[in-house]
Amino acid sequence: MASLSLKGIYKRYPGGVTAVTDFTMNIKDKEFIILVGPSGCGKSTTLRMVAGLEEITEGELFIGDRLVNDVAPKDRDIAMVFQNYALYPHMTVFENMAFGLKLRKVPKDEIRKLVDEAARILDITHLLDRKPKALSGGQRQRVALGRAIVRDPQVFLLDEPLSNLDAKLRAQMRTELSKLHKKLGTTFIYVTHDQIEAMTMGDRIVVMKDGYIQQIDSPINLYSNPVNKFVAGFIGSPQMNFIESKLLKTDGKYMVEFGSEDGKNARGRKFYVEIPSSKVDSAVLDNYVNKEVIFGVRPENIHDEELFLSTAKTGVIEATVDVAEMMGAETYLYLTCEGIPLTVRVSSRSTVRPQDVVKLAIDPKHVHIFDKDTEQAVLLTSL
């Protein structure tokens, strides 16, 4: 098995287009790394450079201790699973899984042994005589994984392998892939645009935007301590609420102020959320006093329960319900507070309906503040 080291990796195309800029990270042996971001952010290009399918314009790529910039894909000891599975339609499942081994002149009895073992791991032994057209999407995905497993590579590269599956099967395959990673004990690098996949499977997640790494961290740290507004909005569903606010300081206490002046669709009310002293770094916050900032709070940290409302000293707001979405175990409320759109997650027992005016309490322990111009986090620790 192997670790990887990517040092200052760039990918530039003719015409001056830079797809990946200064990608630098070390990946430990047996780690499950997720590259996540919106379409066009450079995640698949990065994966293809690791595979050798795209030439590295600048920088160094090591697999283990070996510099592989100029090593052919077939000699890098990696296996890649594609979004479209890339199975040969005229071959059986067994033949698809064995094809790479045959090219390498592996003895027939060894091929049979390796394919049977991979099929057993993936629970597709009963499918070995079928052709791909007779398989479901999930079964084809398993065959594609099996074809990679038989090669016993140092590194598995997976490029959005679940995107063609329906929601139920996708959830099932997420679990299967996590089990497979633990069973094989191999380094996995996995590309997705789905932040749920990223949060549930990765040991560490690389969030990318416009070819740049935004943050590399564990799922819980990405969620609790996003380094900028982009990461905060990309990780978490529904996404974080962002409110244009002003940071104030009164009697040594910091608070954010938001709301509206008298207007057509608002009553001209201001609301205040005091920042707990445990979250305060005065040396940083003093630079933002009386300035506009972006105030962030996740939907699950805005509460309608009486327990929160009765004990809240600040952060109690009123909002009008626009839409209530029943999601089974919980309800999403889409509201407007003094012209500001908000999303809140509440209990499925909630009885509120559109046009209702509700009182809500913002939990100050879980607020975020971002610089309005740079969008970098000002308040990092979410307790």
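Below is a summary of the structure that appears in this document. (Residues numbered from 1 in each chain as written. Predicted model: local features only at pLDDT ≥ 70, side-chain atom pairs only at ≥ 80, totals over all residues. Heavy atoms only, no water.)

Notes on the sheet that holds strand β15 (residues 302-303)
For clarity, the cut-off: Pairing between strands is defined by DSSP: at least two bridges between them are needed. What counts as a helix is a DSSP run of H or I of at least four residues, what counts as a strand is a run of E of at least two, and both are numbered from the N terminus.
Pairing in this open sheet of 5 strands is antiparallel, and the strands run β15-β19-β16-β17-β18 from one edge to the other. In this open sheet, the two edge strands, each paired with only one partner strand, are β15 and β18 (340-347).

Looking at the pattern of salt bridges
When charged atoms on two side chains of opposite charge get close, those side chains can pair. Keep this limit in mind: Here, a salt bridge means any Lys or Arg side-chain nitrogen found within 4 Å of an Asp or Glu carboxyl oxygen. Per-residue accessibility, obtained with a 1.4 Å probe over protein chains only, is compared with the maximum for each type, and a residue is labelled buried under 20%, exposed over 50%, and partly exposed between these values.
Per the stated rule, a full pass over the model turns up 15 salt bridges. Note that D116 and R112 form a salt bridge whose closest N and O atoms lie 3.3 Å from each other. Of the two residues, D116 and R112 both sit in helix α3 (residues 108-122), 4 residues apart, roughly one turn of that helix. A relative accessible area of 41% places R112 in the partly exposed class. Between K365 and D363 there is a salt bridge; the shortest N-O distance is 3.4 Å. When its relative accessible area of 8% is taken as the criterion, D363 is described as buried.

Comments concerning the packing of helix α4 (residues 137-149) against helix α5 (residues 167-184)
Put simply, the rule is: Axis lines are fitted through C-alpha atoms, for helices just across the contact stretch, and the angle between N-to-C directions can take any value from 0 to 180 degrees. Roughly parallel means an angle under 35 degrees; roughly antiparallel means over 145; roughly perpendicular covers 65 to 115; every other angle is labelled oblique. By convention, the crossing between two helices is left-handed when the near helix turns anticlockwise from the far helix through less than a right angle, and right-handed when the turn is clockwise. The contact definition used throughout considers only heavy atoms, calling two residues in contact when any of these lie within 4.5 Å. All amino acids are sorted into three groups, where Ala, Val, Leu, Ile, Met, Phe, Trp, Tyr, Cys and Pro are nonpolar, Asp, Glu, Lys and Arg are charged, and the leftover types, Gly among them, are polar.
One can describe the packing of α4 onto α5 by two numbers: an axis separation of 11 Å at closest approach and a directional angle of 20 degrees. Relative to α5, α4 is oriented roughly parallel. For the element pair α4 and α5, the recorded crossing hand is right-handed. Touching G137, G138, Q141, R142, L145 and I149 of α4 are L169, Q172, M173, E176, L177, L180 and L184, all from α5. Counted by class, the contact of α4 with α5 contains 7 nonpolar, 4 polar and 2 charged residues.

Observations concerning the packing of aromatic side chains
Convention followed: Ring geometry is summarised as follows: Phe, Tyr and Trp rings, the Trp one being its six-membered ring, pair when their centres sit within 6.5 Å, and such pairs are stacked at plane angles under 30 degrees, edge-to-face over 60 and tilted between the two.
If you walk through the whole model with that rule in mind, you get 8 aromatic pairs. With centroids separated by 5.0 Å and ring planes inclined at 35 degrees, the aromatic side chains of F156 and F188 adopt a geometry described as tilted. Of this pair, F156 sits in strand β7 (residues 155-159) while F188 is found in strand β8 (residues 187-192), placing the two residues 32 residues apart along the sequence. A relative accessible area of 0% means that F188 is categorised as buried. Between the aromatic rings of F258 and F295, the centroid separation amounts to 5.8 Å while the plane-to-plane angle is 25 degrees, which identifies the pairing as stacked. Taken as a pair, F258 in strand β12 (residues 253-259) and F295 in strand β14 (residues 292-297) lie far apart in primary sequence, 37 residues in all. There is no split in this pair, since F258 and F295 are both buried.

A word on the pairing of β7
Burial runs high along β7: 5 of the 5 residues are buried. Judged from the 4 bridges that link them, strand β6 (residues 78-81) and β7 form a sheet pairing that is parallel. Counted as the bridge partner of A79 is F156 from β7. Two elements, β7 and β8, share 5 bridges in a ladder whose sense is parallel.

With respect to unusual backbone geometry
Cis rather than trans, the peptide bond between S237 and P238 has omega equal to -10 degrees. Here P238 is to be found in the loop between α8 (229-234) and β11 (241-250). The backbone of D152 shows a phi angle near 50 degrees, a positive value even though the residue is not glycine. Unusually for a residue other than glycine, E338 sits at a positive phi of about 50 degrees.

A short note on the side chain of N96
Going by this rule: We define a polar contact as two N or O atoms separated by no more than 3.5 Å, with the added condition that, inside protein, one atom must be a possible hydrogen donor and the other a possible acceptor, whereas residues neighbouring each other in sequence contribute only through side-chain atom pairs.
Here N96 is to be found in helix α2 (residues 93-103). A polar contact is formed between the side chain of N96 and the backbone nitrogen of Y88, at a distance of 2.7 Å. Only 3.3 Å separates the side chain of N96 from the backbone oxygen of M91, close enough to count as a polar contact. The contacts of N96, once residues within four sequence positions are left out, are L87, Y88, M91, P132, V143 and R147.

Overview of the packing of α2 against α3
The description of two helices packed together rests on the angle between their axes and the distance between the axes. Close contact between α2 and α3 brings their axes to 10 Å; oriented N to C, the two are set at 130 degrees. In this view, α2 runs oblique relative to α3, as classed from their interaxial angle. Considering how the two elements wind past one another, α2 and α3 form a crossing that is right-handed. Contact residues: F94, M97, A98, L101 and K102 in α2; I111, R112, L114, V115, A118 and A119 in α3.

Examining the pairing of strand β4 (residues 58-63)
On any regular strand, side chains alternate: one points to one face of the sheet, the next to the other face. Across 5 bridges, strand β1 (residues 4-13) lies against β4 in antiparallel orientation. The residue bridging L4 from the neighbouring strand is I63, located in β4. Pairing between β4 and strand β5 (residues 66-67): 2 bridges, direction antiparallel. When the bridges of β5 are listed, I63 appears paired with R66.

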